[in-house]
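Here is what each chain is made of, one letter per residue.
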Amino acid sequence: MALQGPIPVTFDMVFPHGCYIVGEVEPVKDFDASTNGRFVQSRDKSTGEPMWQVAVMDADPTVKPGQKTVAVKILTPIQPVPPAPMPGLPFTPVEFDHVTVTPYVNGTGRLAYSIKVRAMRAPRTGSGAPASAPAKNPATAGKDVA
């Protein structure tokens, strides 16, 4: 089979209505390597880069309320910095570049997707130019969708 590993998709395929940051960027814990009192950050199996995560809210009005907020995993050696907040908005809009999805079966036996990206940035305007300055530290990321 030609498709193996992460499947490339576009940001608009995953978030056709956009998404908003609703949490802090935090390191992902490696539960197997961490012990009592000793935190070990998880690393991506393919790239070896440390993983971070941030909660985002999907702006799609058809998404069920319980599935609107998802954790997006970010792969980068340094902690990523989200785009600057936009005046007048309660949440910070964000976009991701170089998106891939990896399907898996979650703990409840349902199909879910782990989504990783190569960069986190401010949304672009209709002309293709950034809406504001890009985030200081572009990063890679992933999103778990149950």
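This structure is a prediction, so every number in the text was calculated from the model and none was measured. Numbering of residues starts from 1 in each chain and follows the order in which that chain's sequence is written. Given that the model is predicted, a residue must reach a pLDDT of at least 70 before its local features are reported, and side-chain atom pairs must reach 80 or more before they are shown or counted; all residues, however, enter totals for whole chains, interfaces and linings. Excluding hydrogens and water, the side-chain values take into account all heavy atoms of the structure.

Trainee: Provide a residue-level description of the overall build of the protein chain, including the pertinent values.
Mentor: Counting its regular elements, the protein chain contains one helix and ten strands. A run of H or I in DSSP counts as a helix once it spans at least four residues, and a run of E counts as a strand once it spans at least two, with each numbered from the N terminus. Along the chain direction, N to C, the helices and strands of the protein chain fall in the order β-α-β-β-β-β-β-β-β-β-β. Partly exposed residues are those whose accessible area sits between 20% and 50% of the maximum for their type, while under 20% is buried and over 50% is exposed, using a 1.4 Å probe and protein chains only. Counting across all 146 residues of the protein chain, residues that qualify as buried make up 37%. Expressed as a percentage of contacts within the protein chain between residues at least 6 apart in sequence, the contacts between residues at least 24 apart total 62%. The contact criterion used throughout is that any non-hydrogen atoms of two residues lie within 4.5 Å.

Trainee: Lay out the confidence of the model for the protein chain in plain terms, naming residues and giving numbers.
Mentor: In the predicted model, the protein chain carries a mean pLDDT of 83, and the fraction of residues at 70 or more is 85%. Per-residue pLDDT, averaged within each element of the protein chain, yields its smallest value for strand 10 (residues 140-145) (45) and its largest for strand 2 (residues 19-21) (96). Confidence over residues 127-143 falls short of pLDDT 50; this stretch has 67 contacts with residues more than four positions distant or in other chains. A score between 0 and 100, pLDDT records how confident the predictor is in each residue.

Trainee: Describe the nonpolar core, listing the residues and the values that go with them.
Mentor: Put simply, a nonpolar core is a bunch of buried Ala, Val, Leu, Ile, Met, Phe, Trp, Tyr and Cys residues held in one set by side-chain atoms that sit within 4.5 Å of each other. Counting residues in each nonpolar core, the largest one holds 20 residues, and the members touching the most others are Val56, Phe96 and Val99. Counting residues per element, the ones that place at least two in this core are helix 1 (11-14), strand 2, strand 4 (51-58), strand 5 (69-75), strand 6 (92-97), strand 7 (99-105) and strand 8 (111-117).

Trainee: How would you explain the packing of aromatic side chains if you had to name every residue and give the values?
Mentor: Think of it this way: a Phe, Tyr or Trp ring, Trp meaning its six-membered ring, pairs with another when their centres are within 6.5 Å, and the plane angle makes it stacked under 30 degrees, edge-to-face over 60, tilted otherwise. Going through the model one piece at a time under the given rule, you end up with two aromatic pairs. Ring centres of Phe11 and Phe15 lie 5.5 Å apart, and the angle between their planes is 40 degrees; on these two criteria the pair is classed as tilted. Classification of Phe15 as buried rests on a relative accessible area of 3%. Geometrically, the ring pair formed by Phe11 and Phe96 is tilted, given 6.3 Å between the ring centres and 55 degrees between the ring planes. Taken as a pair, Phe11 in helix 1 and Phe96 in strand 6 lie far apart in primary sequence, 85 residues in all. Across this residue pair, the class does not change: Phe11 and Phe96 are buried. Grouped by ring-pair contacts, the aromatic residues Phe11, Phe15 and Phe96 constitute a single cluster.

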